[in-house]
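Read off the chains here:
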Amino acid sequence: MPILLNKTIAFPNPALADAEGLVAIGGDLGTERLLAAYRQGIFPWTANPITWWSPDPRAIFEIDSFTPPKRLQATLRHHPFKLTFDRDFSAVIHACAEPAPGRESTWISPRFIDAYMELHRQGHAHSVEVWQGGRLVGGIYGVVIAGFFAGESMFHQVTDASKIALCHLMDHLRARKFELFDTQVLSPLTARLGAIEIRRRDYLERLASALRKPARF
């Protein structure tokens, strides 16, 4: 059974998660609690009520061996985009919160936006922006702690813009010796881009190592 959280900033062992990966319910989305969750391999997924998850298996990208799909490699060589980091975090998260075609709602509620905007203000959340003709057309954002990056969401308004953002983010993280890129749950898109699943216990071991890494975004 998932644990009901109170005002104390503490989480149960992720191994106590139910079969779907639900660890706990309740608490808040304050910066201290969010960072404590990520450090234990736990992340929030809904805001009403707040639910905390640690699925098994866990989806990750291997930073050092990441290779863009062949079709995307040609786009990377000739793309017409401008790439920036942390130029407009607010625009990226709000664009990610827009429902995708065929989907009427999104998990990125106003409460999530407020929480991650505060993480960004405190230097714990970062974004990659993709621009075309001065217009934001794609991006990705996530949480950084030491050598760990937790990818939260990405969006595109023109073909391949979000994939371009991901590829440049990978180059950025690799150059700065990051150890772990968490993408939480495998999706058809992330699988096509090379994400894999590993056991939760292996993920937690790698997370502990990444948190000891003195990397800077």
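Below is a short write-up of the structure.

Conventions we followed
- Residues numbered from 1 in each chain as written.
- Predicted model: local features only at pLDDT ≥ 70, side-chain atom pairs only at ≥ 80, totals over all residues.
- Heavy atoms only, no water.
- Phe/Tyr/Trp six-rings, centres within 6.5 Å; stacked < 30°, edge-to-face > 60°.
- Helix = DSSP H or I, 4+ residues; strand = E, 2+ residues; numbered from the N terminus.
- Buried < 20%, exposed > 50% of the residue type's maximum accessible area, 1.4 Å probe, protein only.
- Lys NZ or Arg CZ within 6 Å of the ring centre and 35° of its normal.
- Pairing = 2+ DSSP bridges.
- Contact = heavy atoms within 4.5 Å.
- Polar contact = N/O pair within 3.5 Å; in protein donor to acceptor, adjacent residues only side chain to side chain.
- Axes fitted to C-alpha atoms, helices over the stretch in contact; angles between N-to-C directions.

Observations regarding the packing of aromatic side chains
Alright, step 1. Scanning all chains against the criterion turns up 12 aromatic pairs.
Alright, step 2. Residues phenylalanine 11 and tryptophan 52 carry aromatic rings whose centres are separated by 5.0 Å and whose planes lie at 65° to one another, so their mutual orientation is edge-to-face. With phenylalanine 11 in the loop between β1 (3-5) and β2 (22-26) and tryptophan 52 in strand β4 (residues 50-53), the pair connects residues that are 41 residues apart, well separated along the chain.
Alright, step 3. Look at phenylalanine 11 and you get buried, because its relative accessible area is 11%.
Alright, step 4. Arranged with centres 5.0 Å apart and planes meeting at 45°, the rings of phenylalanine 149 and phenylalanine 181 form a pair that is tilted. On the criterion of sequence distance, the pair formed by phenylalanine 149 in strand β9 (residues 148-156) and phenylalanine 181 in strand β10 (residues 180-184) is long-range, its members being 32 residues apart. Neither phenylalanine 149 nor phenylalanine 181 differs from the other in exposure class; each is buried.
Alright, step 5. Through successive ring pairs, a cluster of aromatic residues spans Phe61, Phe66, Phe85, Phe149, Phe181 and Phe217.
Alright, step 6. Sitting over the ring of tyrosine 203, arginine 58 keeps its end group 4.2 Å from the ring centre.

Let's talk about the pairing of β4
Alright, step 1. Of the two faces of β4, the one carrying Ile50 and Trp52 and the one carrying Thr51 and Trp53 are both buried.
Alright, step 2. As defined by bridge partners, β2 adjoins β4 across 3 bridges and the pair is classed as antiparallel. Within β4, the position partnered with alanine 24 by the bridge is tryptophan 52.
Alright, step 3. From the end of strand β3 (residues 43-47) to the start of β4, which pair antiparallel, there are 2 residues.

Thoughts on helix α1 (residues 31-39)
Alright, step 1. In terms of burial, α1 is a largely internal element, 7 of the 9 residues being buried.
Alright, step 2. A positive backbone phi angle near 80° is found at glycine 41, which sits one or two residues after α1.

A look at helix α3 (residues 89-97)
Alright, step 1. Those residues of α3 lying buried are Phe89, Val92, Ile93, Ala95, Cys96 and Ala97.
Alright, step 2. Buried residues along α3 sit in contact with α4 (110-121), β7 (125-132), β8 (135-145) and β9.

Structural notes on the environment of tryptophan 53
Alright, step 1. Along the chain, tryptophan 53 falls in strand β4.
Alright, step 2. By relative accessible area, which is 15% here, tryptophan 53 ends up buried.
Alright, step 3. In the structure, tryptophan 53 is positioned 30 residues away from valine 23 in sequence and 5.2 Å away in space, judged by C-alpha atoms.
Alright, step 4. Every residue in contact with tryptophan 53, bar those within four places of it in the chain, is listed here: Glu20, Gly21, Leu22, Val23, Gly41, Ile42, Phe43 and Trp45.
Alright, step 5. Side chain to side chain, tryptophan 53 and threonine 51 meet in a polar contact 2.8 Å long.

Things to note about the sheet that holds β2
Alright, step 1. Ordered by their spatial adjacency, 4 strands build an open sheet running β1-β2-β4-β3, and the pairing between neighbours is mixed. Strand pairing shows two members of the sheet lacking a second neighbour, β1 and β3, which therefore form its edges. Within this sheet the neighbouring strands show an average axis-to-axis angle of 30°, counted without direction.
Alright, step 2. Pairing analysis gives 4 bridges linking β3 to β4, with the strands arranged antiparallel. If you follow proline 44 over to β4, its bridge partner there is tryptophan 52.
Alright, step 3. Helix-sheet contacts for α4 involve β3 and β4, and the interaxial angle to β3 is about 145°.

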